[in-house]
Amino acid sequence: MKRSMTNKSAWEETLAQSPTILMEGALGERLKREWGLRIDGPAAMAPLADDPKGREGLIRLWSEYAAIAQRYKLPFWATTPTRRANQERMHRAGLDESLFHRHWALLNSVRQQVKTPMFIGGLMGCRGDAYTGEGCLEVEPAFKLHRWQARALARAGVDFLYAGIMPTLPEALGMARAMADTGLPYIISFTIRRTGTLVDGTPIDAAIGCIDRETQTPPALYMTNCVHPAIAYEALAQPVNRTERIALRFKGIQANTSALDYDRLDHSADLQGAAPEALAHDMMRLKRDMGLTVLGGCCGTDGRHMEAIARAATARDREKA
């Protein structure tokens, strides 16, 4: 418990004081394309912790991203690849919660090799389709389903919990309650549309207001992931989201390199991408105008993109100092 509380305090202090925090870049797409790994089982990437090639690939990619953070003297956040590893899917895959500790151990082995502050997150996700909202849960069923994974990740030793690409408010609220129940700091990251809403039509500002009101311990921050920064900018710039609450609470993005909308990107046969400098330029616009401080990569990103983002962010931070 003493170690957990120390890590919690350090994580919260880093969030409060760091003008830029670097999150990891893409894992799944790179593991499939560069390492030839199959990620098609019920629990998606989670079983890779028990596959020698999977472990090697994860460690190599995390180490690459961590080295970039260290080079630019930025704090680094990385998460267990367990977004699809809820209790139902783990049961279908014949896996138990000890797998989460093995993922923590892999990430901790990377942490031992870097000198920059590094924190390990436990990644979770919705039950249904993250891009359409189909099959997502109402509040109470979501709380009951996700509580098992949240508690298991907390027992594994993660420093924070992270709900990625959450498309609907009811499941995001149930997820938030499950995460808050662990006592760990946690993040809700929405699937957003350029119109300024979640996939279910809830404005981002309204979703944040609801979750903040309806949880005993609100999220430490809100984010978006698996979206291009230009789409995120358009969404946050909508009049309904130009609020003090958004400015204070919406603080991060893990960005795609493609500006395609979800319905086109999700069915694209080829990996869509953009040049590292172009992506970094759009990320800096979000940082400058919307106050985002947590910057990471999602589909299409690699070390080149994360290097460009880290370089641009530290240059901007120096200008403001």
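A quick note: this is a predicted structure, and the numbers were derived from the prediction, not measured. As a convention, each chain's residues are numbered from 1 in the sequence order in which they are written. Only residues with pLDDT of 70 or above have their local features reported here, since the model is predicted, and side-chain atom pairs are shown and tallied only from 80 upward, although totals for entire chains, interfaces and linings are computed over all residues. The side-chain figures draw on all heavy atoms in the structure; neither hydrogens nor water molecules are used.

## So, the packing of helix α3 (residues 52-71) against helix α13 (residues 303-320)
The geometry of a pair of packed helices is captured by two quantities: the angle between their axes and the separation between those axes. Two elements in contact, α3 and α13, have axes separated by 10 Å at closest approach and are oriented at 20 degrees. The orientation of α3 relative to α13 falls into the category roughly parallel. Classified by chirality, the crossing of α13 by α3 is right-handed. Residue-level contacts link E64, Y65, I68 and R71 of α3 to G303, M306, E307 and A310 of α13. Residues were grouped as follows: Ala, Val, Leu, Ile, Met, Phe, Trp, Tyr, Cys and Pro as nonpolar; Asp, Glu, Lys and Arg as charged; and all remaining residues, including Gly, as polar. Here the contact of α3 with α13 is composed, by residue class, of four nonpolar, one polar and three charged. Axis angles are defined between N-to-C directions and span 0 to 180 degrees, where every axis is a line fitted to C-alpha atoms and, for a helix, only to the segment in contact. Numbering of helices and strands runs from the N terminus, with a helix taken as a DSSP run of H or I at least four residues long and a strand as a DSSP run of E at least two residues long. Any angle from 65 to 115 degrees is called roughly perpendicular, while one under 35 is roughly parallel, one over 145 is roughly antiparallel, and all others are oblique. What makes a crossing left-handed is the near helix being turned counterclockwise from the far one by less than a right angle; a clockwise turn instead makes it right-handed. The contact definition used throughout considers only heavy atoms, calling two residues in contact when any of these lie within 4.5 Å.

## Comments concerning the sheet that holds strand β6 (residues 221-227)
A pair of strands is considered paired only if DSSP assigns at least 2 bridges between the two. Pairing in this closed barrel of eight strands is parallel, and the strands run β1-β2-β3-β4-β5-β6-β7-β8 around the ring. On average, each strand axis in the sheet is tilted by 25 degrees relative to the strand beside it, whichever way the strands run. The sheet contact formed by strand β5 (residues 186-190) and β6 spans four bridges and is parallel. Along β6, the bridge assignment pairs F190 with T224. Taken strand by strand, helix α12 (residues 276-290) contacts β7 (250-255) and β8 (294-297), and its axis lies near 175 degrees from that of β7.

## Considerations on helix α6 (residues 139-156)
Spanning 18 residues, α6 covers 25 Å between terminal C-alpha atoms, matching the ideal 26 Å at 1.5 Å per step. In the structure, α6 departs most strongly from a straight axis at H146, where the bend amounts to approximately 35 degrees. A simple rule labels every residue: compare its accessible area, found with a 1.4 Å probe on the protein chains alone, to the largest value its type can have, and call it buried under 20%, exposed over 50%, or partly exposed in between. Burial in α6 covers these residues: A142, F143, L145, H146, Q149, A150, A152, L153 and A156. Where the residues of α6 are buried, they touch β2 (76-80), α4 (87-93), α5 (98-111), β3 (118-125), β4 (160-166) and α7 (169-180). Count one or two residues on from α6 and you reach G157, which has phi positive near 110 degrees. In this analysis, the expected span of each helix is defined as 1.5 Å times one less than the number of residues it contains. Fitting one axis to the seven residues ending at a residue and another to the seven starting there, the bend at that residue is the angle between the two axes.

## Regarding helix α2 (residues 28-35)
Turning to α2, its buried residues are G28, R30, L31 and W35. Summarising the axial view, the buried residues of α2 lie within an arc of 165 degrees, below the 170-degree limit, and thus occupy one face. On the buried face of α2, the contacting elements are α3 and α13. Positive phi shows up at G36, right after α2, with a value of about 65 degrees. What the arc covers is the set of directions going from the helix axis to the C-beta atoms.

## Side note on the pattern of salt bridges
The salt bridge criterion pairs a side-chain nitrogen of Lys or Arg with a carboxyl oxygen of Asp or Glu, the two atoms within 4 Å. Here the structure, examined in full by the defined rule, presents 20 salt bridges. When the shortest N-O distance is used, the salt bridge between D181 and R151 registers 2.9 Å. You can see D181 sitting in the loop between α7 and β5 and its partner R151 sitting in helix α6, a full 30 residues away along the chain. A salt bridge links R245 to D205, with the shortest nitrogen-to-oxygen separation between them at 2.9 Å. With R245 in helix α10 (residues 244-249) and D205 in helix α8 (residues 204-214), this residue pair connects regions lying 40 residues apart in the sequence. Members of the salt-bridge network, linked through shared partners, are E29, K32 and R33.

## Concerning the side chain of R249
If you trace the backbone, R249 turns up in helix α10. Looking at R249, the relative accessible area reads 17%, which means it is buried. In terms of polar contacts, R249 uses its side chain to reach the side chain of D212, at 2.8 Å. Once residues within four sequence positions are removed from consideration, R249 is found in contact with I208, D212, P218, P219, A220, L221 and Y222. Polar contacts, as used here, are pairs of N or O atoms within 3.5 Å; protein pairs need one atom able to donate a hydrogen and one able to accept it. Residues neighboring in sequence count only if both atoms are side-chain atoms.

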